[in-house]
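A structural walkthrough
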Amino acid sequence: MTQRFQFALHATDGKARTGVISTPRGEIRTPAFMPVGTAATVKAMMPECVAATGADILLGNTYHLMLRPTAERIDRLGGLHKFMNWDKPILTDSGGFQVMSLASLRKLTEEGVRFSSHIDGSKHMLTPERSMEIQRLLGSDIVMAFDECPALPATEEEVAKSMRLSMRWALRSREAFGDRPGHALFGIMQGGVTPELREESAGKLKEIGFEGYAVGGLAVGEGQEAMFGVLDYAPGFLPEDKPRYLMGVGKPDDIVGAVERGIDMMDCVLPSRSGRTGQAWTRRGQVNIKNARHQDDPRPLDEACTCPACRNYSRAYLHHVFRAGEMISGMLLTWHNLHYYQELMQGLRDSIAAGRLAQFVADFHALRAEGDIEPL
């Protein structure tokens, strides 16, 4: 197994790419979807079950883990992989997005962000240097540079000011990250929906030099059309020989569209959050298991799916346990959703490798357009 972080591009189809990221902890097949394990757990799932869905990598959250149980405690207990019983790669975000969206009484300066915990009101300071320290203590394989996520809508002037602050923080993150063989630091492109700002941001990041690059500041309420508009050009500003990561995406059709536009990695809480609220993602679109139409239906969620929820349980049972508030409901639906997402990624990888992505995408949209199977 490699002792270094490497990315090999195996095939392209249009702008879409498939390849492998190699790390000391294992390989990540791209395009890759990363389930979100916010507080050292993918909610309602055991780690071995997440691995069984086909996931090669998980995402952990710097902000949540620094507050509880603290990065220092996780380090003393052997690092995040051992702590949560996950021996494959882990990517940790920088904490920037959560500080902006969750923390209260925050004060942004050139140094960083001073904020109060949403849990107990305790005071904290998060800087590029502290973010790098926390992620080192956690032991994650892929570390994200610390950036500011401006709240949208914002003026172009505000977006530009925020982007340039993030680029100064990117340089400080690179310097604080130091020399860590086998670990990778990703820079984050900002710039809103303005091509010139995106290009300026990408240029600054390439000047600093990173092992991978993220497209940040999207999937924050701007809508799919605006997001795809940026993705039509933004990945092209980034190096071809490095992984490209779109943060916080998304719905299945968001993922397919992002892959078509050259994205290699994605993450989102949606499959697990949906599972806990009675929503299942299938090849035919979304199924709301709460609906009464399912209460007498002996058929599986998806007859072609091989996950435990579809192999062993009926729609009627899944409807019942959700209505009864039983924990198994969230467990089964989350497993199904993560399985579906990983199956989608495998289909994308295979179709890119075979040069038939356009047909795969056409079939994907056609089946979703048919909608769920007819009620009995």
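Above: the structure in question.
In short, a report on the structure. (Residues numbered from 1 in each chain as written. Predicted model: local features only at pLDDT ≥ 70, side-chain atom pairs only at ≥ 80, totals over all residues. Heavy atoms only, no water.)

Points about the overall build of the chain
- Helices and strands together make up the secondary structure of the chain, namely 15 helices and 16 strands.
- What you see for the chain is a C-alpha radius of gyration of 21 Å, in line with the 21 Å of a compact globule of 376 residues.
- Along the longest, intermediate and shortest principal axes, the C-alpha atoms of the chain span 60 × 45 × 45 Å.
- For the chain, the residues scored as buried account for 56% of the 376 residues in total.
- Considering only contacts in the chain between residues 6 or more positions apart, those separated by 24 or more positions represent 66%.
- With the model as given, the accessible surface of the chain reaches about 15800 Å², and the carbon-plus-sulfur share is 51%.
- Distance from the positive charge centre (43 side chains) to the negative charge centre (47 side chains) of the chain: 5 Å. (Helix = DSSP H or I, 4+ residues; strand = E, 2+ residues; numbered from the N terminus. Rg over C-alpha atoms; globule rule 2.2 N^0.38 Å. Buried < 20%, exposed > 50% of the residue type's maximum accessible area, 1.4 Å probe, protein only. Contact = heavy atoms within 4.5 Å. Areas by Shrake-Rupley, 256 points an atom, 1.4 Å probe, with all protein chains shown as cover. Lys, Arg positive; Asp, Glu negative; His and termini not counted. Charge placed at Lys NZ, Arg CZ, Asp CG, Glu CD.)

A closer look at the side chain of Q342
- Residue placement: Q342 occurs in helix α14 (residues 327-353).
- With residues up to four places along the chain from it excluded, the contact list for Q342 reads F33, P35, T53, G54 and A55.

Quick word on the pairing of strand β9 (residues 123-126)
- Bridging between strand β8 (residues 113-116) and β9 involves four bridges; their strand directions are antiparallel. In the sheet register, F115 faces β9, and the bridge partner there is H124.
- Connecting β8 to the next strand, β9, in antiparallel fashion are six residues, including G121 with a positive phi near 80°. (Pairing = 2+ DSSP bridges.)

Some remarks on the sheet that holds strand β6 (residues 90-93)
- Spatial strand order, β4-β14-β13-β12-β11-β10-β6-β5: eight strands in an open sheet with parallel pairing. Looking at which strands have only one partner, the edges of the open sheet turn out to be β4 (32-35) and β5 (58-61). Sheet twist, expressed as the mean angle between neighbouring strand axes with direction ignored, is 25°.
- Direction of pairing for strand β12 (residues 212-215) relative to strand β13 (residues 244-246): parallel, over a ladder of three bridges. Of the residues in β13, the one forming a bridge with A214 is Y245. (Axes fitted to C-alpha atoms, helices over the stretch in contact; angles between N-to-C directions.)

So, the packing of aromatic side chains
- All told, the structure shown has eight aromatic pairs when counted by the stated rule.
- A centroid spacing of 4.9 Å and a plane angle of 25° characterise the contact between F146 and W169, whose relative ring orientation is stacked. Placement of the pair is F146 in the loop between β10 (142-144) and α7 (156-177) and W169 in helix α7, with a sequence separation of 23 residues.
- The exposure class assigned to W169 is buried, which follows from its relative accessible area of 0%.
- Through pairs of rings, three or more aromatic residues link up here, namely F33, Y340 and Y341. (Phe/Tyr/Trp six-rings, centres within 6.5 Å; stacked < 30°, edge-to-face > 60°.)

Observations concerning the nonpolar core
- Of all hydrophobic cores here, the largest spans 77 residues; its most connected members are L231, L246, I255 and M266.
- Considering every element that reaches this core, the biggest residue donor is α7, with eight residues.
- Apart from residues lying up to four places away in sequence, L231 is in contact with V215, L218, L246, A258, R261 and I263.
- Among the nonpolar cores identified, the runner-up in size contains 19 residues, and I57, L59, A184 and M265 belong to it. (Core = buried A, V, L, I, M, F, W, Y, C linked by side-chain atoms within 4.5 Å.)

Thoughts on a nonpolar patch on the surface
- On the surface, a nonpolar cluster with roughly 240 Å² of combined accessible area is contributed by F97, L152 and V220.
- With respect to the secondary-structure elements, L152 resides in the loop between β10 and α7. (Patch = residues over 30% accessible without salt bridge, like charges linked within 9 Å, V, L, I, M, F, W, Y side chains within 5 Å. Salt bridge = Lys/Arg side-chain N within 4 Å of Asp/Glu carboxyl O.)

So, the sheet that holds strand β1 (residues 6-13)
- Strand order in the open sheet formed by three strands is β1-β2-β3, with antiparallel pairing between adjacent strands. Where the open sheet ends on each side, the last strands, each with one partner, are β1 and β3 (26-30). Neighbour-to-neighbour, the strand axes of this sheet turn through a mean angle of 15°, independent of strand direction.
- Across seven bridges, β1 lies against strand β2 (residues 16-23) in antiparallel orientation. Paired with A8 across the strands is V20, a residue of β2.

What about the environment of Q295?
- Assignment of secondary structure puts Q295 in the loop between β16 (285-288) and α12 (308-312).
- Remark: the alpha-carbon pair of Q295 and V42, spanning 253 residues in sequence, is separated by 28 Å.
- With residues near it in sequence (within four places) discarded, Q295 still touches A316 and H319.

Looking at the packing of helix α13 (residues 315-323) against α14
- At a minimum axis distance of 7 Å, the contact between α13 and α14 shows a crossing angle of 130°. The pairing of α13 with α14 is recorded here as oblique in orientation. Where α13 crosses over α14, the handedness of that crossing is left-handed. From α13, Y317, L318, V321 and F322 reach across to α14, where they touch I328, S329, L332 and L333. (Parallel < 35°, antiparallel > 145°, perpendicular 65-115°, else oblique. Left-handed = near helix turned anticlockwise from the far one by under 90°.)

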